[in-house]
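Here's the letter readout for the chains.
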Amino acid sequence: MERDASVHDRVLWALHISGMDDLLKFLASAQAEQQWALHVLEIISLMFRDQSPEELAALGQGQAAAEHGEDTQELEMLRQRELMERRARALQRPSRHSRFGGSYVLQGLKAIGDRDVVFHKGLHNLKSYSHDLGKETRRVPRRRQAAPEAEPPRRSARNVRLFLRHFCQDFLEGCYNRLMLLVKDQLVREKAQQHDETYYLWATSFFMAFNRRRGFRPELVSETVGVRAFHFIEQNLTTYYEMALMDKKEAATWARRMHLALKAYQELLRTVQEMDRSPEQAVRDSSQVIKSNIFYLMEYRELFLALFRKFDETKQPRSFLRDLVETAHLFLRMLERFCRGRANLVVQSKRVQRKKRKKAPAALAPQPPSAEELEELWAALDPQLQACLQGEVPLPEDVVPFDAALETPVEEQRAEALLRIQGCLRDARAPQALQLLRSARDVWPEGDVFGAADAGPPEETRLLREILFAPLPRHVPPEAEELEEEEEEEEEEEVETMQVSEKEFNFLDYLKRFACAPVVRALVLLLRGYARNTPRTNHCAARLLHRLARDLRMEAMLFQLSLFSLFHRLLSDPAAGAHQELVALAKFILGKFFALAATNKKAFVELLFWKSPAAVREMTEGYGSLGEGEGAGRRRPPPWTPQEEQELRELYWKYKEVEGEDVVAAILAHLPGRTRRQVVKQLVRLGLATSARDFPRERKGTRIVLWTQEQEEELTRLFEEFHGSDDVLGNIMKHLTARRSRARVVEKLLGLGLVSERKELYKKRRRKSHGPGQGAAGTAAVPAQDSSAEDGDSEEEEEDDDAEEGPMEEHWLPEEGAGQGLVHRLHQEGLAGPLRWLENCLRRAAGDREEDGVSHPVPLVPLSEENEDAMEDRRFQALLRQLGLRPPASEQESFWRIPAALTPQQLRRAAASIAHRGPDPSPPPQGLPEPPRCPQDTDPEQPPSGLGSDSESEEPVPVPSPVQPGTKRHRELDSEDEDEGSSGAEPAPPVPPSPGDEDDDPQPWGRRKRIRCLEEEEEEEDD
């Protein structure tokens, strides 16, 4: 071994001496050792880590003197270059040295002021003068620095290189095809580790290059020559390219893998090119088949364009750009030669076609059955219902009247439950309809919509018949309204389809795809290091620029200041004789530029910009010629004439003040040939509008803005007709001809003066009463939030509806006794423990709020399994709602909450209302203080008042007081509660409080309470 051998060389020599290289060749070729294929390939890649296949292939072909002569010639060339540079510097110096360097004035070159620059150095330094002399060099951020180059290949000791050359020959002759077949099979079947395909790509490029330079024999690399090999490498190259764009942090790593794939692709092309020169006809025919398949597919033709356009010098090194330029040049030359021998070459073309199709209309609702059909259906259902009512047919147990997965609250799903019952009846499913009716009665007992709690078989039969014959409105969900771009038309959507077709190939049309700024910029970047580039690299870059300038006649695309600076450096280089091709290109481009500058003075300004083909055409043929010619220029909108601008101003000021009128639509009616986008842009350009947002598109459902006189008369007539009904607003919405949102109708009623406050339109709920005078007294006004007669016309109107109905829920008044019935039923179901836990939580929250003086929402977190099961029970949840507790508002919340609006007094009354007062009450847990009793609790005949009667609460939430069945109950109502809760109902005469009550219940200063007792009889529940 030589003294300067590296550690890597010593390891390789030790492997050779010990015979490990023969063992590797055996493992690669043995049938029984195929499981070690990837490991062998990885070891071989590490062995040839710093080697060049061209140098190994050229080793030993000539005598040692010839190899020494090549090295001597390279050194002599470097020496001549140095001598020429010294001679040029010597010519710049004067023959006689002067101690006084002198000062010179550079005429025409301005200094910081208005005077010319004064130069205080010798004239031989004049060419190196710059305004940046003496300035601090600007530091380039790391993210903008050029990607580091890979380590250059190191020339190992001669005996090591000879050993590696023999290894490559033996490996190609006996192992390469078999080993590469096994490795690719494992990669395709995903039996390898992640990124193991990089070893396959390296081996393809290295050994195919060695075979090409060492007496080309295509049968030795037949496994990696073919359409499948091209497809595999192109697929990996595309994957690396996409990952480099997405994975920004690992972009440099993906760029290195992309470089390996690109080098393998380049070797495949060179091998196919070498096959064209083969003396064997079969080999040449095979290369023609491969080229016809490659050039036919669009993916292979578009690959280099994508790599050029996305080249980033901060992520990809110059060596990648060098290989990219050489591979693109080779591909273009092979494609050009392939097209020469064929008159009509047909290739595959793929185009993304965007079609605007009409949206499918909403499905029409089925026609309801006629009265005769319903009578026949009821006659067939009646025997089944009687059998179910008498217990002869079992009822299903898994019927739930509401859908807990919907965002709609359970209380608002009552109308949907009616539709489900009607659907079961019309589908002849009597047992399901009956069970659904009974379940809905338990969930929504208020209003007796699904019958009374003690309803018998005759009443249930009557209810089912009414539901079957009722014309219930079918809810059709409105289509989701998407935000549309300005270019899209309403009622249309874009559909992208990949259209594959065939077309006749034209090489010049394909070459025009390379006439773009990213390709020219990449070529200029590569030529900046022309002195360090190989002659092959400079030739490929110059040939690509020559194709753009001469073949496409787009020399103006190369009129760029950075390229001209490169030409200036090249022409002033003493060693420019070694780059004659670049010098000829520079002289040609500069001559064309100065010829154009003689007629177009703006050409000097155009040097500052990278240009597109459209800009090149305008620059050479005259500005404005693009709009008069064919092609893309014809798609540009025609310019606005002064007469059109004046007409546009007049139309804008004419329709601007018209209320409810779409200004742009009105203008378009008088300007045929113009689009909405053009009009909006011109209005902004003329300063009549600030931006395009001043002219939003009209959304669906918002066309009806103004009320006509006939619509106002219809609204007045409907209000007078349903003024005395329980649901004034709901009835008006059902019978209103023009479809409007609930918020718009309420605003119009207020504007017409038909109602003075919104609460007059709240829906009234009537309680079951036995006395003739209980109707008015038992009526409570509640927000009309259950009506499903209309849907929001647009997102804006739905927000208005939510803004109105949100506060209404805070004044919800549940029915008297409903909570007590639920509490009694929950006790019978064995939920006494969760009820005591809920009572303790309410009392604990009340005590905390009294101590802290601040109210916050308190979540109800069930820690025991019994309490957790109770929180999922629908009856228990119904009780929580009647107590005024809030369910989870969104997906971010998991537990029910005690609202912050409830005062400590209200919480204690709520806790007292759920306390079990049966004959066998369960003892309270030890350690809990006795809850404070309200003043009304002192009277045994007067139970605790409902939650919400406290005078300090701004948003009362009443809770029914617990009473025993068959007794009378009393409810105290604040005067404000009475005004808010019973507006629209005739108030009962107030009952004056007794003096004892006034003494027991002191009132706040400056405020009085008016107490009204509403007595009702409750029937005992039929269990």
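Think of each chain on its own: its residues are numbered from 1, step by step along the sequence as written. Where totals are concerned, whole chains, interfaces and linings use all residues; where local detail is concerned, this predicted model gives features only for residues with pLDDT of at least 70, and gives and counts side-chain atom pairs only at 80 or more. Think of the side-chain values as coming from all heavy atoms in the structure, minus any hydrogens and water.

S.K.: Tell me what's going on with the overall build of the protein chain, and back it up with residues and numbers.
M.R.: Segments assigned H or I by DSSP are reported as helices when at least four residues long, segments assigned E as strands when at least two residues long, and all are numbered from the N terminus. Tallying secondary structure elements over the protein chain gives 40 helices and eight strands in all. Should any heavy atoms of two residues lie within 4.5 Å, those residues are counted as being in contact. Expressed as a percentage of contacts within the protein chain between residues at least 6 apart in sequence, the contacts between residues at least 24 apart total 72%. Under the convention used here, a 1.4 Å probe and the Shrake-Rupley method define accessible areas, while residue burial counts only the protein chains that appear. As presented, the protein chain carries roughly 58700 Å² of accessible surface, and 51% of it is formed by carbon and sulfur atoms.

S.K.: Quick rundown of the packing of aromatic side chains? Include the residues and the values.
M.R.: Any two of the Phe, Tyr and Trp rings considered here, Trp counted by its six-membered ring, make a pair once their centres fall within 6.5 Å; the pair's planes then place it as stacked at under 30 degrees, edge-to-face at over 60, or tilted in between. Scanning the model with the defined rule gives 30 aromatic pairs in all. Seen from their ring centres, Phe206 and Phe207 are 5.4 Å apart, and the 80° between their planes marks the pair as edge-to-face. To sort residues, take the accessible area from a 1.4 Å probe on protein chains only and compare it with the maximum for the residue type: under 20% means buried, over 50% means exposed, and anything in between is partly exposed. Residue classification places Phe207 among the buried positions, given a relative accessible area of 0%. Between Phe559 and Phe593, the ring centres sit 5.2 Å apart and the planes meet at 75°, which makes this aromatic pair edge-to-face. Taken together, the residues span a long stretch of sequence, with Phe559 in the loop between α20 (535-551) and α21 (561-571) and Phe593 in helix α22 (residues 580-597) at a distance of 34 residues. Residue classification places Phe593 among the buried residues on the basis of a relative accessible area of 2%. Taken together, the ring pairs connect Phe48, Phe167, Phe171, Tyr176, Trp202, Phe206 and Phe207 into an aromatic cluster. Any Lys NZ or Arg CZ found within 6 Å of a ring centre and within 35 degrees of that ring's normal is scored as a charge over the ring. When the ring centre of Tyr623 is taken as origin, the NZ or CZ atom of Lys602, which lies over that ring, is 5.1 Å away. Cation over ring: Arg674 sits above Trp640, and NZ or CZ is 4.0 Å from the ring centre.

S.K.: Go over unusual backbone geometry with me, naming the residues and quoting the values.
M.R.: Phi angles above zero are rare outside glycine, and His195 is one such case at about 70°. Relative to the elements of secondary structure, His195 occurs in the loop between α7 (176-188) and α8 (197-213). A positive phi angle is found at Ala428, which is not glycine, with a value near 65°. Relative to the elements of secondary structure, Ala428 occurs in the loop between α15 (414-426) and α16 (430-443). A relative accessible area of 39% places Ala428 in the partly exposed class.

S.K.: Please set out helix α37 (residues 874-882) residue by residue, giving values where relevant.
M.R.: Of all the residues in α37, the buried ones are Arg875, Phe876, Leu879, Leu880 and Gln882. All buried residues of α37 lie within an arc of 165° about the axis, which places them on one face of the element. In protein, a polar contact requires one atom able to donate a hydrogen and another able to accept it; more generally it is a pair of N or O atoms within 3.5 Å, and residues adjacent in sequence count only if both atoms are side-chain atoms. You can read the cap of α37 off the contacts: a side-chain oxygen lies 3.0 Å from the backbone nitrogen of Arg875, and it is on Asp873. A positive backbone phi angle near 95° is found at Gly884, which sits one or two residues after α37. Think of it as the arc spanned by the lines of direction from the helix axis to the C-beta atoms.

S.K.: Provide a residue-level description of the pairing of strand β2 (residues 116-119), including the pertinent values.
M.R.: For a regular strand, the rule is simple: side chains alternate between the two faces of the sheet. Should DSSP find at least two bridges between two strands, the strands are regarded as paired. In the sheet, strand β1 (residues 104-110) pairs with β2 via four bridges, with the strands oriented antiparallel. Of the residues in β2, the one forming a bridge with Lys110 is Asp116. Linking β1 back to β2 in an antiparallel pair, the connection comprises five residues.

S.K.: Now, about α20: what can you tell me, with residues and values included?
M.R.: Compared with an ideal rise of 1.5 Å per residue, which puts 17 residues at 24 Å, α20 spans 22 Å between its outermost C-alpha atoms and is within 8% of the ideal. Along α20, the residues that are buried comprise Thr537, Asn538, Cys540, Ala541, Ala542, Leu544, Leu545, Arg547, Leu548 and Ala549. Looking at the buried residues of α20, the elements they touch are α13 (318-340), α18 (507-511), α19 (517-527) and α22. Immediately downstream of α20, the backbone of Arg553 shows phi near 55°, a positive value. For a helix, the expected span equals 1.5 Å multiplied by the number of residues minus one.

S.K.: Which residues make up the side chain of His329, and what values do they have?
M.R.: Considering the arrangement of structural elements, one finds His329 in helix α13. Residue classification places His329 among the buried residues on the basis of a relative accessible area of 2%. Excluding residues that lie within four positions of it along the chain, His329 makes contacts with Arg536, His539, Cys540 and Arg543.

S.K.: How would you explain the nonpolar core if you had to name every residue and give the values?
M.R.: One broad trend across soluble globular proteins is that nonpolar side chains are buried collectively. Only buried Ala, Val, Leu, Ile, Met, Phe, Trp, Tyr and Cys residues count toward a nonpolar core, and they belong to the same one when joined by side-chain atoms within 4.5 Å. Of all hydrophobic cores here, the largest spans 130 residues; its most connected members are Phe48, Phe207 and Tyr265. Residue contributions to this core peak at twelve residues, all from α13. Excluding anything up to four places from it in sequence, Tyr265 contacts Phe230, Ile233, Glu234, Ile294, Tyr300, Leu303, Phe304, Thr327 and Phe331.

S.K.: Give me the confidence of the model for the protein chain: which residues, what numbers.
M.R.: On average, residues of the protein chain score 75 in pLDDT, and 73% of them are at 70 or above. As a per-residue quantity, pLDDT reports the predictor's confidence and falls between 0 and 100. In this model residues 476-493 is a low-confidence stretch, pLDDT under 50, and it forms 37 contacts with partners more than four residues away in sequence or in other chains. Confidence drops under pLDDT 50 across residues 700-704; counting only partners more than four residues distant or on other chains, this segment forms 14 contacts.

S.K.: Can you tell me about the pattern of salt bridges, naming the residues and giving the values?
M.R.: Definition used for salt bridges: Asp or Glu carboxyl oxygen within 4 Å of a side-chain nitrogen of Lys or Arg. According to the stated counting rule, one finds 30 salt bridges in the structure shown. In this structure, Asp185 and Arg189 form a salt bridge, with 2.9 Å as the shortest nitrogen-oxygen distance. Residue Asp427 pairs with Arg429 through a salt bridge whose shortest N-O separation is 3.7 Å. Connected through shared salt-bridge partners, Arg212, Glu267, Arg270 and Glu326 make up one network.

S.K.: I'd like to hear about the side chain of Asn538, residue by residue, with values.
M.R.: Structurally, Asn538 can be placed in helix α20. A polar side-chain atom of Asn538 sits 3.2 Å from a polar atom in the side chain of Asn533. Beyond its immediate sequence surroundings of up to four residues, Asn538 is in contact with Leu527, Tyr530, Asn533, His579 and Leu582.

S.K.: Pulling in residues and values, what's your account of the environment of Gln882?
M.R.: Its place among the elements puts Gln882 in helix α37. Using a relative accessible area of 13% as the deciding quantity, one classes Gln882 as buried.

S.K.: Go over the environment of Leu607 with me, naming the residues and quoting the values.
M.R.: Looking at where Leu607 falls in the secondary structure, it is placed in the loop between α23 (603-606) and α24 (613-621). Along the primary structure Leu607 and Leu558 are separated by 49 residues, whereas in three dimensions their C-alpha atoms are 8.9 Å apart. For Leu607, the residues in contact, after removing those within four places along its chain, are Phe559, Gln560, Leu561, Phe564 and Phe593.

S.K.: Run through the packing of helix α29 (residues 709-721) against helix α31 (residues 742-752), naming residues and quoting values.
M.R.: Two elements in contact, α29 and α31, have axes separated by 11 Å at closest approach and are oriented at 85°. Judged by the angle between their axes, α29 and α31 are roughly perpendicular. Facing α29, whose interface residues are Glu712, Leu715, Thr716 and Phe719, α31 presents Val745, Lys748, Leu749 and Leu752. Charged residues are taken to be Asp, Glu, Lys and Arg, nonpolar residues to be Ala, Val, Leu, Ile, Met, Phe, Trp, Tyr, Cys and Pro, and polar residues to be all remaining types, Gly included. Of the residues belonging to the contact of α29 with α31, the class tally is five nonpolar, one polar and two charged. Helix axes are fitted only over the stretch in contact, all axes being lines through C-alpha atoms; the angle between N-to-C directions runs from 0 to 180 degrees. Oblique is the label for any angle not covered by the other classes, which are roughly parallel (under 35 degrees), roughly antiparallel (over 145) and roughly perpendicular (65 to 115).

S.K.: Account for the environment of Ala417, naming residues and giving values.
M.R.: Within the secondary structure, Ala417 sits in helix α15. A relative accessible area of 1% means that Ala417 is categorised as buried. With 20 residues separating them in the primary sequence, Ala417 and Leu437 have C-alpha atoms 8.4 Å apart.

S.K.: Kindly report on a positive patch on the surface, identifying the contributing residues and their values.
M.R.: Only residues whose relative accessible area exceeds 30% and that take part in no salt bridge are eligible for patches, with like-charged residues grouped when within 9 Å of each other and nonpolar side chains (Val, Leu, Ile, Met, Phe, Trp, Tyr) grouped when within 5 Å. Charge assignment in this entry is limited to Lys and Arg as positive and Asp and Glu as negative, and neither His nor the chain termini are counted. Every charge is mapped onto a representative atom, which is NZ of Lys, CZ of Arg, CG of Asp or CD of Glu. Among the surface-exposed residues, Arg318, Arg528, Arg532 and Arg569 lie close enough to one another that they form a single positively charged patch. Looking at the secondary structure, you find Arg532 in the loop between α19 and α20.

S.K.: Lay out the packing of helix α35 (residues 832-852) against α37 with the relevant residues and their values.
M.R.: In contact at an axis separation of 12 Å, α35 and α37 are set at 25° when each is read in the N-to-C sense. Comparing their axes, α37 and α35 come out roughly parallel. The handedness of the crossing between α35 and α37 comes out as right-handed. Across the interface between the two elements, Pro834, Leu835 and Leu838 from α35 touch Phe876, Leu879 and Leu880 from α37. Of the residues assigned to the contact of α35 with α37, the class counts are six nonpolar, no polar and no charged. In a left-handed crossing the near helix is turned counterclockwise from the far helix by less than a right angle, and in a right-handed crossing that turn is clockwise.

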